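# Architecture and fold: a report
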Amino acid sequence: MAEQTAPTPLIHARGLTKRFGELTAVDGIDFDVAPGESFGFLGPNGAGKTSAMRMVACVSPVTAGTLRILDLDPVTDGPRIRGRLGVVPQQDTLDTELSVKDNLVIYGRYFGLSRKEAARRGDELLEFAQLTERAHDKVEPLSGGMKRRLTIARALINEPSILLLDEPTTGLDPQARHLLWERLYRLKQRGVTLVLTTHYMDEAEQLCDRLVVMDKARIVAEGSPRQLIEEYSTREVTELRFPVGVQETLDGQLEGLGERVELLPDRVLVYSDDGEAAAAAAHQRGLTPETVLVRRSSLEDVFLRLTGRSLVE
Amino acid sequence: MTAAAGPLRGKAIPLQGSLRSAYAAYEHQWLLYLRTWRGSIFGSFAQPVLFLVAMGIGLGGFVDASGSGAIDVPYIQFLAPALLVSTVMQGSTFEATFPVLGGFRWNRRYHAMYATPLSPYAIAFGQIAWIATRATIVATIFCGVIIAFGAAGSPGIIWTIPVGTLTALAFAGPIAAYMTTQRDTTAFNAIWRFGITPLFLFSGTFFPIESLPEQVRWIAWLLPLWHGVDLARALSLGTVGDAPLVQIAHVLILAGCAIAGVIAMFLMYRRQLEQ
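Residues numbered from 1 in each chain as written. Chains lettered and ligands numbered in written order. Predicted model: local features only at pLDDT ≥ 70, side-chain atom pairs only at ≥ 80, totals over all residues.

For the rest of this paragraph, the subject is the overall build of chain B. Looking only at helices and strands, chain B has ten helices and zero strands in total. Tracing chain B from N to C terminus, the helices and strands come up as α-α-α-α-α-α-α-α-α-α. By principal-axis analysis of the C-alpha atoms, chain B measures approximately 80 × 40 × 35 Å. The long-range fraction of contacts in chain B, counting pairs at least 24 apart against all pairs at least 6 apart in sequence, stands at 82%. (Helix = DSSP H or I, 4+ residues; strand = E, 2+ residues; numbered from the N terminus. Contact = placed C-beta atoms within 7 Å.)

In C-alpha cells form, the structure reads like this:
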C-alpha cells in the first residue's frame with residue numbers, strides 16, 4: 001500500500017471561522033500545512049492571524065468550518081493535540097519567580113514527563129537556546145531575546161510535531177532577531193513543522209516555505225515568498241523620495257515610468273523589471289528626487305499591492 | 001503521524017490523565033513555594049506572635065482586669081482561635097486575588113499551562129488546592145504559636161486548623177471566580193477595604209457578637225467570617241455542646257460557600273481560557 005499520495009496534512013482547515021459576538025476575527029479561511037513545512041500567516045495587526053493561531057493551538061473553539069490537526073478533531077481531542085504541539089505565544093508567559101531551568105522542568109511535567117526526563121530534556125534545550133549558563137538564574141532579569149529563546153525552548157520540551165510561533169521576534173533588537181531566526185532555521189532543518197504569524201516581511205521571507213497573506217479576517221493570497229513576489233509584484237522597485245511638498249505637484253508626470261506606480265505619503269514606488277531604467281526614465285523627464293533607491297521586490301510590495309496599505313503602520 | 005490513529009483513541013481525557021495534570025498544576029505551586037518560602041515563613045510566625053502579644057496579652061490584660069463578665073474565659077483564649085481563622089481568611093483572600101489576576105493577565109501563567117494537555121479545570125484545581133494547602137500551613141503554624149503562648153482553651157484548639165482551611169476555601173473560591181473577570185487591582189482594593197477589613201473587625205474576632213445592639217446582631221449570620229470564628233472558638237473552648245445546631249449550621253454554611261465558590265471558579269477559569 002505504498003501509494004505515492006501527498007502526505008496527510010498536519011493541519012487542515014476549510015472555511016475556518018472565528019467570531020466574537022459581532023466581530024468576525026477569521027472569516028472562512030482554507031489552508032493546509034504539510035509535515036516538515038514552515039508555514040506563515042503574514043498580515044497587519046488585527047488581520048486575524050492570532051485568532052487563527054489560537055484555534056490551531058486548540059485553546060479557542062472554532063465558530064464554524066472544519067479544522068483537523070494531526071488528523072484529530074480539536075473539539076474531542078484538544079488535550080491530546082495540545083500534547084503534541086509547542087506554542088510560543090506573542091507575549092512571554094514565563095514564570096518569572098522561578099529559575100530558567102525550573103520553568104522548563106515544570107512545563108515538562110504538564111506533558112506527563114517524569115522529573116528526571118524533564119530535567120534531561122531541559123538541559124539539552126538550554127544548550128540549544130544558549131542559556132546553559134543562566135540555568136539557575138531567575139527569569140526576571142533576562143533580556144528580551146533570552147526570554148524569547150527560553151519560551152521557544154519550553155515549547156520544545158514535549159518534542160512537538162508542530163511548533164506554533166505567534167510573532168516570535170516582535171519587540172526584539174536586530175541582533176536578537178537574527179539569533180532567533182538562526183535557531184528556528186535549525187529546527188526547520190531537523191524536520192520540525194513551523195507555523196508562524198508575523199507582520200515582518202523579512203521574517204516571513206527568512207523563515208517561511210509558504211505563506212498566506214491575511215487582511216481583514218480573510219486570506220488574500222497564498223504561495224511561497226518567491227511565487228507571491230512574481231505574481232503580485234515586479235522584479236525590482238525604484239523608490240523616489242522628493243522634497244517635502246513636491247510629490248503632490250507631480251500629477252501625471254509619473255505615469256508609465258514602470259509597470260505600476262504607487263504613491264506613499266513619504267515616497268513614490270515605481271514597479272518594473274529594471275529599476276535602474278526606471279530611475280533613468282525619471283531623470284529624463286526632468287524629475288529631481290532627493291534620493292533614489294533601487295531594490296528587489298519584497299513581500300511588503302505584495303502586501304501593498306493586495307491591500308493598498310503597508311504592513312507596519 | 002505516529003500516534004494519530006483510530007477514532008476510538010483519545011476520545012475523552014482519561015481519568016488518570018486528568019488526575020495527573022491536576023497534580024502537575026498543583027506541583028507547580030509547590031515549586032513556587034519551595035523557591036520563595038523563606039520570604040513568607042517569618043511572617044507566618046511573626047504575625048500571630050505580634051497579635052497575641054498586643055491583643056491577647058496587652059489588651060487582654062486590660063479586658064480581664066475590667067471584669068465585665070461578657071466572656072467567661074481569659075481574653076487571650078477567647079481571641080486566639082478567632083484570630084487564627086481571621087488571619088487564614090486574609091491570607092487566602094490574598095492568594096485568590098494577586099496570583100489569579102497574574103495568571104490571567106500579568107505573567108499569564110495560566111495561558112502557558114493551557115497550551116499543554118492541562119484542562120482549565122486542572123489549572124483551577126492547582127490554584128485552589130494550593131490555597132487550601134497554604135491556609136493549612138499558616139493555620140498549623142498559628143496553632144503552634146497559640147499553644148506555645150499557653151493561649152489554648154482546650155486540646156480542641158487543634159480543630160481550628162481544619163476550620164481555618166474550610167474558611168479559607170469559603171472565601172477563596174468565590175473571590176478567585178470573581179477575580180478571573182478583572183483586568184487590574186481596582187477590585188482587589190475594594191474587596192480589601194469594604195470586605196475584608198470590616199469582616200475582620202465585626203465578625204466577633206475581638207469582641208462577642210452579643211456586645212452589638214440586639215437589632216443588628218443577626219447581621220453576623222450574613223458575615224461568612226463569623227461562622228468560622230464562632231465555630232473555631234466553640235471547638236477550642238470546648239463549648240460546642242452549648243449550641244450544637246448553630247455549630248452544624250456554621251459548617252454547612254462554610255461548606256456551602258466553599259463548594260459553590262469553587263464550582264464557580266472552575267467554570268470561570270474555563271470561560272476565561274477558552275476564548
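Past the structure itself, the notes keep going.
Here the focus is the overall build of chain A. Counting secondary structure elements, chain A contains ten helices and 13 strands. Projecting the C-alpha coordinates of chain A onto the three principal axes gives extents of approximately 75 × 45 × 45 Å. Per-residue burial over chain A gives 48% buried out of 313 residues. Restricting the contact set of chain A to residue pairs at least 6 apart, pairs at least 24 apart contribute 70%. (Buried ≥ 20, exposed ≤ 12 C-beta atoms within 10 Å, placed from the backbone.)

A word on the interface of chain B and chain A. Contacts between chain B and chain A engage 29 residues on the former and 29 residues on the latter. For the side of chain B that touches chain A, the elements supplying multiple residues, two or more each, are α1 (15-66) and α4 (109-114) of chain B. The element best represented in the side of chain B that touches chain A is α1 of chain B, accounting for nine residues. Residue classes in the side of chain B that touches chain A are distributed as 13 nonpolar, nine polar and seven charged. (Nonpolar A, V, L, I, M, F, W, Y, C, P; charged D, E, K, R; others polar.)

Here we come to the environment of glutamate 259 of chain A. Residue and element names in this part refer to chain A. Turning to its location among the elements, glutamate 259 is positioned in the loop between β10 (236-241) and β11 (260-263). Remark: the alpha-carbon pair of glutamate 259 and alanine 278, spanning 19 residues in sequence, is separated by 9.7 Å. Among all residues touching glutamate 259, those that are not within four sequence positions of it are Thr234, Tyr271 and Ser272.

The next point concerns the sheet that holds strand β9 (residues 218-223) of chain A. Strand-to-strand pairing in sheets goes through backbone hydrogen bonds, with the strands running parallel or antiparallel. All names here are of chain A. Spatial ordering of the open sheet is given by β5-β6-β7-β3-β8-β9, a layout of six strands whose pairing is mixed. Two strands in the sheet have a free side with no partner beyond their single neighbour: β5 (85-88) and β9. The sheet shows a mean angle of 15 degrees between the axes of neighbouring strands, taken without regard to direction. Two elements, strand β3 (residues 38-42) and strand β7 (residues 193-198), share five bridges in a ladder whose sense is parallel. Bridge assignment links serine 38 to a residue of β7, and that residue is leucine 194. Contacting β8 (210-215) and β9, helix α8 (residues 225-232) crosses the sheet at an angle of about 105 degrees to β9. (Pairing = 2+ DSSP bridges. Axes fitted to C-alpha atoms, helices over the stretch in contact; angles between N-to-C directions.)

Residues and elements named next belong to chain A. Strand order in the open sheet formed by four strands is β11-β12-β10-β13, with antiparallel pairing between adjacent strands. Pairing within the sheet leaves two strands with one partner each, and these edge strands are β11 and β13 (291-296). Ignoring which end each strand starts from, the neighbouring axes of this sheet average 20 degrees apart. In the sheet, β10 pairs with strand β12 (residues 268-272) via five bridges, with the strands oriented antiparallel. Along β12, the bridge assignment pairs threonine 238 with valine 270. Seen against the sheet, helix α9 (residues 275-284) touches β10, β12 and β13 and runs at an angle of roughly 30 degrees to β10.

Compared with the 44 Å implied by 1.5 Å per residue over 30 residues, the 43 Å span of helix α10 (residues 244-273) of chain B between its first and last C-alpha is a close match. Those residues of α10 of chain B hidden inside the fold are in contact with α4, α5 (120-148), α6 (160-179) and α9 (224-237) of chain B. (Expected span 1.5 Å × (residues − 1).)

A separate point is helix α3 (residues 100-110) of chain A. All names here are of chain A. α3 sits mainly inside the fold: eleven of its eleven residues count as buried. The complete set of buried residues in α3 reads Val100, Lys101, Asp102, Asn103, Leu104, Val105, Ile106, Tyr107, Gly108, Arg109 and Tyr110. Immediately downstream of α3, the backbone of glycine 112 shows phi near 80 degrees, a positive value.

Another point: the domain arrangement of chain A. Considered domain by domain, chain A is made up of domain 1 (11-229) and domain 2 (234-296). Relative to domain 2 of chain A, the C-alpha centre of domain 1 of chain A lies at a distance of 39 Å. (Domains from an automatic or database assignment.)

Bringing the environment of threonine 97 of chain B into the picture now. Residue and element names in this part refer to chain B. Inspection of the secondary structure puts threonine 97 in the loop between α2 (75-95) and α3 (98-104). On the basis of neighbour counts, which here come to 23 C-beta atoms within 10 Å, the residue threonine 97 falls in the buried class. If near-sequence neighbours (up to four positions away) are discounted, threonine 97 is found in contact with Ile175, Met179, Phe188 and Ile191.

Next up on the list: unusual backbone geometry. All names here are of chain A. Residues other than glycine seldom take positive phi values, yet cysteine 58 does so here, at roughly 60 degrees. Relative to the elements of secondary structure, cysteine 58 occurs in the loop between α1 (49-56) and β4 (64-69). Here cysteine 58 falls in the buried class, since 27 other C-beta atoms lie within 10 Å of it. Even without being a glycine, leucine 70 presents a positive backbone phi close to 55 degrees.

Attention now moves to the environment of threonine 291 of chain A. Residues and elements named next belong to chain A. In this structure, threonine 291 sits in strand β13. You can call threonine 291 exposed: it has 9 C-beta atoms within 10 Å. In this structure, the C-alpha to C-alpha distance between threonine 291 and leucine 142, residues 149 residues apart in sequence, is 41 Å.

Before going further, it helps to examine the packing of α6 of chain B against α10 of chain B. All names here are of chain B. For the pair α6 and α10, the least separation of the axes is 7 Å and the interaxial angle reads 30 degrees. Here the hand of the crossing between α6 and α10 comes out left-handed. In this structure, α6 uses Leu166, Thr167, Leu169, Ala170, Gly173, Pro174, Ala176 and Ala177 to contact α10, whose residues at the interface are Leu254, Ala255, Cys257, Ala258, Gly261, Val262, Ala264, Met265 and Met268. (Left-handed = near helix turned anticlockwise from the far one by under 90°.)

Residue and element names in this part refer to chain A. Taken across its six residues, β7 has six buried, putting it largely inside the fold. Going residue by residue along β7, you find Thr193, Val195 and Thr197 tucked away on one face and Leu194, Leu196 and Thr198 tucked away on the opposite face as well. Relative to β7, strand β6 (residues 162-166) is paired through five bridges, and the arrangement is parallel. Across the sheet, aspartate 166 pairs through a bridge with threonine 197, a residue of β7.

On to the pairing of β11 of chain A, then. Residue and element names in this part refer to chain A. Examined bridge by bridge, β11 and β12 share four bridges and lie antiparallel to one another. Following the sheet pairing, glutamate 262 is matched in β12 by leucine 269. Between β11 and β12, which follow one another and run antiparallel, lie four residues.

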